[in-house]
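For reference, the chains in residue letters:
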Amino acid sequence: DAGITQSPRHKVTETGTPVTLRCHQTENHRYMYWYRQDPGHGLRLIHYSYGVKDTDKGEVSDGYSVSRSKTEDFLLTLESATSSQTSVYFCAVTPGAANTEAFFGQGTRLTVV
Amino acid sequence: GESVGLHLPTLSVQEGDNSIINCAYSNSASDYFIWYKQESGKGPQFIIDIRSNMDKRQGQRVTVLLNKTVKHLSLQIAATQPGDSAVYFCAEKALGMDSSYKLIFGSGTRLLVRP
């Protein structure tokens, strides 16, 4: 499982509050990704990182920011949570640009009320 | 693990039959196309990939076909087993910033295997 830990695993928060999800990996993989998974939409890329302090937007980046200050941690922040951000969030990692096999975490279920 | 009640197209097959799962993609510039399997309550798992300059690749009980003319990808599973019941996603490896790559997923197909 490439030593991926997502925290928290479940969270309920109120609209308008900031929320940070953490993805931690133990294998020093270069690439890390955040996806959200919703009924009817499958997996959609929010942001990804291709190195420390190197990040790029995905398909659904509005309302989200990320940070990667060290190789092992990739943080996803919802600055002001909205009900539309209720979802299951998955973190994934790949060793490098040449790799297509991504390893996924167990997911975080976020509910915004 | 987490799961999502996905409202997806569903393919129902009899155990032992072959399954064919299809996917249309849009980005002709992607250099790899990939299939993932997601079981209930788990994150997706890699099955097989195919480079964009190939049209067929075989794995263990699985074959991926790529038709670049019509931008179509398919996954064939031979002798489908109950353990193959899952949601299947196609994905593409697309170019991002600074020569980085990102994995973009399609919407998925649910495979149900009837005993």
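A brief look at the structure comes next. Bear in mind the structure is a predicted one, so any value in this text is a computation, not a measurement.

Cut-off values and rules
- Residues numbered from 1 in each chain as written.
- Chains lettered and ligands numbered in written order.
- Predicted model: local features only at pLDDT ≥ 70, side-chain atom pairs only at ≥ 80, totals over all residues.
- Heavy atoms only, no water.
- Helix = DSSP H or I, 4+ residues; strand = E, 2+ residues; numbered from the N terminus.
- Rg over C-alpha atoms; globule rule 2.2 N^0.38 Å.
- Buried < 20%, exposed > 50% of the residue type's maximum accessible area, 1.4 Å probe, protein only.
- Contact = heavy atoms within 4.5 Å.
- Areas by Shrake-Rupley, 256 points an atom, 1.4 Å probe, with all protein chains shown as cover.
- Lys, Arg positive; Asp, Glu negative; His and termini not counted.
- Charge placed at Lys NZ, Arg CZ, Asp CG, Glu CD.
- Disulfide = S-S within 2.5 Å.
- Salt bridge = Lys/Arg side-chain N within 4 Å of Asp/Glu carboxyl O.
- Buried area = accessible area lost by both parts, 1.4 Å probe.
- Polar contact = N/O pair within 3.5 Å; in protein donor to acceptor, adjacent residues only side chain to side chain.

1. What about the overall build of chain A?
Across its full length, chain A holds zero helices and 11 strands. Along the chain direction, N to C, the helices and strands of chain A fall in the order β-β-β-β-β-β-β-β-β-β-β. Relative to the 2.2 N^0.38 estimate, which gives 13 Å for 113 residues, the radius of gyration of chain A is 13 Å and therefore close to what a compact globule would have. Overall size of chain A, expressed as C-alpha extent along the three principal axes, is 40 × 30 × 25 Å. The buried share of chain A, reckoned over its 113 residues, is 51%. Of the contacts made within chain A by residues no fewer than 6 positions apart, 54% connect residues no fewer than 24 positions apart. If you sum the accessible surface of chain A, you get close to 4,700 Å²; carbon and sulfur atoms cover 47% of it. Across chain A, the centroid of the 11 positively charged side chains sits 3 Å from that of the 12 negatively charged ones.

2. Comments concerning the state of the cysteines
On inspection of all chains with the given rule, the structure shows two disulfides over all chains. The residue that forms a disulfide with A:Cys23 is A:Cys91, at a sulfur-sulfur distance of 1.8 Å. With the S-S dihedral at roughly -70 degrees, the linkage between A:Cys23 and A:Cys91 falls on the left-handed side. Within this pair, whereas A:Cys23 is found in strand β3 (residues 19-25), its partner A:Cys91 is found in strand β9 (residues 87-94), the two being separated by 68 residues in sequence. Neither A:Cys23 nor A:Cys91 differs from the other in exposure class; each is buried. A sulfur-sulfur separation of 1.7 Å characterises the disulfide bridge that pairs B:Cys23 with B:Cys90. Its S-S torsion of about 45 degrees marks the bond between B:Cys23 and B:Cys90 as right-handed, since a negative value means left-handed. Pair noted here: B:Cys23 is in strand β2 (residues 19-24) and B:Cys90 is in strand β8 (residues 86-95), with a separation of 67 residues, a long-range link.

3. Notes on the pattern of salt bridges
Residues and elements named next belong to chain A. Summed over all chains, the structure comprises eight salt bridges over all chains. Residues Arg22 and Asp73 are paired through a salt bridge, measuring 3.1 Å at the closest nitrogen-oxygen approach. Taken together, the residues span a long stretch of sequence, with Arg22 in strand β3 and Asp73 in strand β8 (residues 73-78) at a distance of 51 residues. Taking relative accessible area as the criterion, Arg22 reaches 33% and is therefore assigned partly exposed. One salt bridge in this structure joins Lys70 and Asp73, with 3.7 Å as the shortest N-O distance. Accessibility expressed as a relative area gives 41% for Lys70, which makes it partly exposed. A relative accessible area of 8% places Asp73 in the buried class. The network of salt bridges with shared partners includes Arg22, Lys70 and Asp73.

4. A few points about the interface of chain B and chain A
The interface of chain B with chain A comprises 30 residues on the first partner and 34 residues on the second. With both chains or domains summed, chain B and chain A bury close to 2,500 Å², and 56% of this area falls on carbon and sulfur atoms. Applying the counting criterion to the chain B and chain A interface returns 10 residue pairs in polar contact (both at pLDDT 80 or more). Listing elements by their share of the side of chain B that touches chain A, those giving two or more residues are β3 (32-38), β4 (45-51), β8 and β9 (101-105) of chain B. With five residues, β9(B) is the single largest residue contributor to the side of chain B that touches chain A.

None of the figures reported here should be taken as evidence of function without further support.
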